[in-house]
Amino acid sequence: MKIATWNVNSLKVRLPHVLDWLASEQPDVLCLQETKLSDENFPADEISAAGYEVVFSGQKTYNGVATISKSHATDIVTDVPGLDDPQRRILGTTIDGVRVLNLYVVNGQEVGSDKFAHKLHWLEMVTGYIGTQLKEHEHFIVLGDFNIAPADADVHDPEAWHERILCSTPERDALGRMLELGLQDTFRLFPQEEKSFSWWDYRAAAFRRNMGLRIDLILASQALVARCSACYIDKAPRRLERPSDHTPVVAEFSL
DNA sequence: ATGGTGGCGCGGCCA
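**Student:** Explanation requested: the overall build of chain A in the structure shown.
**Tutor:** The helix and strand inventory of chain A stands at 5 helices and 14 strands. On the principal axes, the C-alpha backbone points of chain A span a range of 45 × 45 × 40 Å. When each of the 255 residues of chain A is scored for burial, the buried share is 55%. Sequence-distant contacts, at least 24 apart, represent 69% of the contacts inside chain A between residues at least 6 apart. On chain A, roughly 11,200 Å² of surface is accessible, and the fraction owed to carbon and sulfur atoms is 49%. In chain A, which carries 26 positive and 37 negative side-chain charges, the distance between the mean positions of the two groups comes to 5 Å.

**Student:** Honestly, the packing of aromatic side chains in this entry has me stumped. Any pointers?
**Tutor:** Each aromatic ring pair is characterised by the separation of its centres together with the angle its planes make. Following the criterion strictly, the structure yields 4 aromatic pairs and no others. On the numbers, 6.5 Å between centres and 90 degrees between planes, the contact of Trp-161 with Trp-199 is edge-to-face. Of the two residues, Trp-161 is situated in the loop between β8 (140-145) and α4 (169-180) and Trp-199 in strand β10 (residues 199-200); the sequence distance between them amounts to 38 residues. Each member of the pair, Trp-161 as well as Trp-199, carries the same accessibility label: buried. With a centroid separation of 4.8 Å and an interplanar angle of 85 degrees, the aromatic rings of Trp-200 and Phe-207 are classed as edge-to-face. Residue Trp-200 shares its accessibility class with Phe-207, and that shared class is buried. Positioned above the aromatic ring of Trp-161 is the side chain of Arg-164, whose terminal nitrogen or guanidinium carbon lies 4.3 Å from the ring centre.

**Student:** Sorry, what's going on with helix α3 (residues 114-136) here?
**Tutor:** Helical periodicity: at 3.6 residues per turn, an α-helix aligns residues three or four positions apart in one direction. Compared with an ideal rise of 1.5 Å per residue, which puts 23 residues at 33 Å, α3 spans 34 Å between its outermost C-alpha atoms and is within 8% of the ideal. Three or more residues of α3 are buried, namely Phe-116, Lys-119, Trp-122, Leu-123, Val-126, Thr-127, Tyr-129, Ile-130, Gly-131, Gln-133 and Leu-134.

**Student:** Got a minute to help me understand the protein's contact with DNA strand B in this structure?
**Tutor:** Of all residues adjacent to DNA strand B, which total 14 residues, the nearest are Ser-10, Lys-60, Thr-61, Lys-115 and Arg-203. For DNA strand B, the fraction of atoms within 4 Å of the protein that belong to sugar or phosphate moieties is 66%. Ser-10 has a polar side-chain atom sitting 2.6 Å from a phosphate oxygen of DNA strand B. Split into classes, the residues belonging to the surface near DNA strand B amount to 4 nonpolar, 4 polar and 6 charged.

**Student:** I tried to follow the sheet that holds strand β13 (residues 228-233) on my own but got confused; where do I start?
**Tutor:** Each strand in a sheet pairs with its neighbour through backbone hydrogen bonds, running either in the same direction (parallel) or in the opposite one (antiparallel). As summarised here, the arrangement of the 6 strands in space is β3-β4-β2-β1-β14-β13, forming an open sheet in which the pairing is mixed. The outermost strands of the open sheet, each flanked by one partner alone, are β3 (53-57) and β13. Within this sheet the neighbouring strands show an average axis-to-axis angle of 15 degrees, counted without direction. Along the sheet, helix α1 (residues 11-25) contacts β1 (2-7), β2 (29-33), β4 (65-69) and β14 (249-253); its crossing angle with β1, the most-contacted strand, is approximately 160 degrees.

**Student:** Can you help me understand the environment of Thr-132 in this one?
**Tutor:** Note on placement: Thr-132 falls in helix α3. Of the residues examined, Thr-132 reaches a relative accessible area of 39% and is grouped as partly exposed.

**Student:** Would you explain unusual backbone geometry in this entry?
**Tutor:** It is generally the case that most residues other than glycine have a negative phi and that most peptide bonds are trans. The phi angle at Glu-163 is positive, at roughly 60 degrees, despite the residue not being glycine. Tracing the sequence through the fold places Glu-163 in the loop between β8 and α4. Here the phi dihedral of Ala-205 falls at roughly 50 degrees; this positive angle occurs in a residue that is not glycine. Within the fold, Ala-205 resides in the loop between β10 and β11 (212-213). You can call Ala-205 partly exposed: its relative accessible area is 31%.

Rules of the game
Residues numbered from 1 in each chain as written. Chains lettered and ligands numbered in written order. Predicted model: local features only at pLDDT ≥ 70, side-chain atom pairs only at ≥ 80, totals over all residues. Heavy atoms only, no water. Helix = DSSP H or I, 4+ residues; strand = E, 2+ residues; numbered from the N terminus. Buried < 20%, exposed > 50% of the residue type's maximum accessible area, 1.4 Å probe, protein only. Contact = heavy atoms within 4.5 Å. Areas by Shrake-Rupley, 256 points an atom, 1.4 Å probe, with all protein chains shown as cover. Lys, Arg positive; Asp, Glu negative; His and termini not counted. Charge placed at Lys NZ, Arg CZ, Asp CG, Glu CD. Phe/Tyr/Trp six-rings, centres within 6.5 Å; stacked < 30°, edge-to-face > 60°. Lys NZ or Arg CZ within 6 Å of the ring centre and 35° of its normal. Expected span 1.5 Å × (residues − 1). Near = heavy atom within 4 Å. Polar contact = N/O pair within 3.5 Å; in protein donor to acceptor, adjacent residues only side chain to side chain. Nonpolar A, V, L, I, M, F, W, Y, C, P; charged D, E, K, R; others polar. Pairing = 2+ DSSP bridges. Axes fitted to C-alpha atoms, helices over the stretch in contact; angles between N-to-C directions.

Here it is in structure tokens:
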């Protein structure tokens, strides 16, 4: 199984990139974040025409997640039990026997802000849900835009980003508690180039200067870690005209 | 410290 995550920052704008990427890379599963589309405007026909199924949970203007797959997705979940959240940020599916949780984690804006407190609460609630799901599903993947760089190795300039949003200790600790449930960051199962990132700010020519962060992650349960054969970042879509500020992260499992 | 860019949608908000 080849599975990927990509924050597209508007699926309306990025649909051509997504269709091209599906055609060239042929993933079994592609999880999107920041579709920024209400469900009635979702381009389901175009994705079907590409030979894929798709489920989605969207809203106008902000947020929105979608899971594209070659096989049929079942047991769709769009909300965390006990978390009343109008923002469409989570999509659970089961595909080819794998439970797939597609996340668009709250950004948090600034350390210490109300949005930051909301981010930590949201992560705590999602982590609780993952704990129960892990007990039910041996083959479990949590992937998406985590809006957290796990360690300084995932930051182009750790000093400049020290205790800033996306890199702060409370955020990293929250991710740590999720991992402690029995998940691993598949990217770090393999040797990787130094300064490997998945997001670069649109401003200040950040991509050209490789001033990025690795905030898009694919976490896998132990049974899947044992079957994980690769995890890599595909920078090609970030080089296209009018790109997303994120680029796809891909993991492969022998299943 | 600010601003730099992009998407949405038409003034700001969000990232």
